Amino acid sequence: MKKILVSACLIGENCRYDGNNNLVEAIKVLYEKGKVIPVCPEILGGLPVPRPACELVENAGVLRVMGKDGSDYTAQFRTGALLTLEEALKNNIKLAVLKARSPSCGKNKIYDGTFSGKTIEGNGITAQLLIKNGITVITEFDTLTI
Ligand code: SF4
């Protein structure tokens, strides 16, 4: 059976930066049926729960992940993205349903780096890496038919 990669917070895992989740009941049902593989790239990258909120900041063409605490979390986010890709390739994943607007998982729209709730065009670090490697990425707001 072909499996789908999903952001772990979408099946109700409390892996968000603030210790909460982004449960989508329909995705949790797919998980209970064994059809999805949940991953949290930020946890895979070694970050704890809770952790500082992070946003992507581009400066002179260099993309970094900055925490609201002023620290640079780029290395952890990159590690998490690489380990997520490894998991996807190992499981022959072709489709991922990732959490919208996250600096790791977001697709097409992400927060703008000012921690003001405003969004700009762009992909999260993990979403971008999966797309680059030929995996289709959608968010929980897209229609999923399997
Ligand atoms: S990194 Fe992705 S899976 Fe983990 S909490 Fe953030 S949005 Fe959810």
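Structure's up top.
We now turn to the structure provided with this report.

Procedures and definitions
- Residues numbered from 1 in each chain as written.
- Predicted model: local features only at pLDDT ≥ 70, side-chain atom pairs only at ≥ 80, totals over all residues.
- Heavy atoms only, no water.
- Near = heavy atom within 4 Å.
- Nonpolar A, V, L, I, M, F, W, Y, C, P; charged D, E, K, R; others polar.
- Buried < 20%, exposed > 50% of the residue type's maximum accessible area, 1.4 Å probe, protein only.
- Helix = DSSP H or I, 4+ residues; strand = E, 2+ residues; numbered from the N terminus.
- Pairing = 2+ DSSP bridges.
- Right-handed = clockwise from strand over helix to strand, strands pointing away.
- Expected span 1.5 Å × (residues − 1).
- Arc of directions from axis to C-beta.
- Contact = heavy atoms within 4.5 Å.

1. Examining the site of the ligand
Inference 1: Around the ligand, the structure places 14 residues, and the nearest of them are C9, C40, E42, K99 and C105.
Inference 2: Residues belonging to the shell around the ligand are distributed by class as follows: seven nonpolar, three polar and four charged.

2. A short note on the pairing of strand β1 (residues 4-7)
Inference 1: Residue alternation in β1 divides its side chains into two sets, I4 and V6 and L5 and S7, and both sets are buried.
Inference 2: With four bridges joining them, β1 and strand β2 (residues 36-39) adopt parallel strand pairing. By the bridge assignment, S7 is partnered in β2 with V39.
Inference 3: The β-α-β motif built from β1, the intervening helix α1 (residues 25-32) and the parallel element β2 has right-handed crossover chirality.
Inference 4: Direction of pairing for β1 relative to strand β5 (residues 95-98): parallel, over a ladder of two bridges. Bridging across to β5, V6 finds its partner in V97.

3. Details of helix α3 (residues 74-90)
Inference 1: Under the 1.5 Å per step criterion, the end-to-end length of α3 is 24 Å for 17 residues, consistent within 8% with the ideal 24 Å.
Inference 2: All of the buried residues in α3 are T74, F77, G80, A81, T84, L85 and A88. Along α3, the residues classed as buried sweep out an arc of 135° about the axis, all on the same side. Facing away from the buried side of α3 by more than 90 degrees, the exposed set consists of A75, L82, E86, L89 and K90.
Inference 3: Packing partners of the buried residues in α3 comprise β1, β2, α2 (41-44), β3 (54-59), β4 (62-67) and α4 (125-132).
Inference 4: Backbone geometry just downstream of α3 places N92 in the positive-phi region, at approximately 55°.

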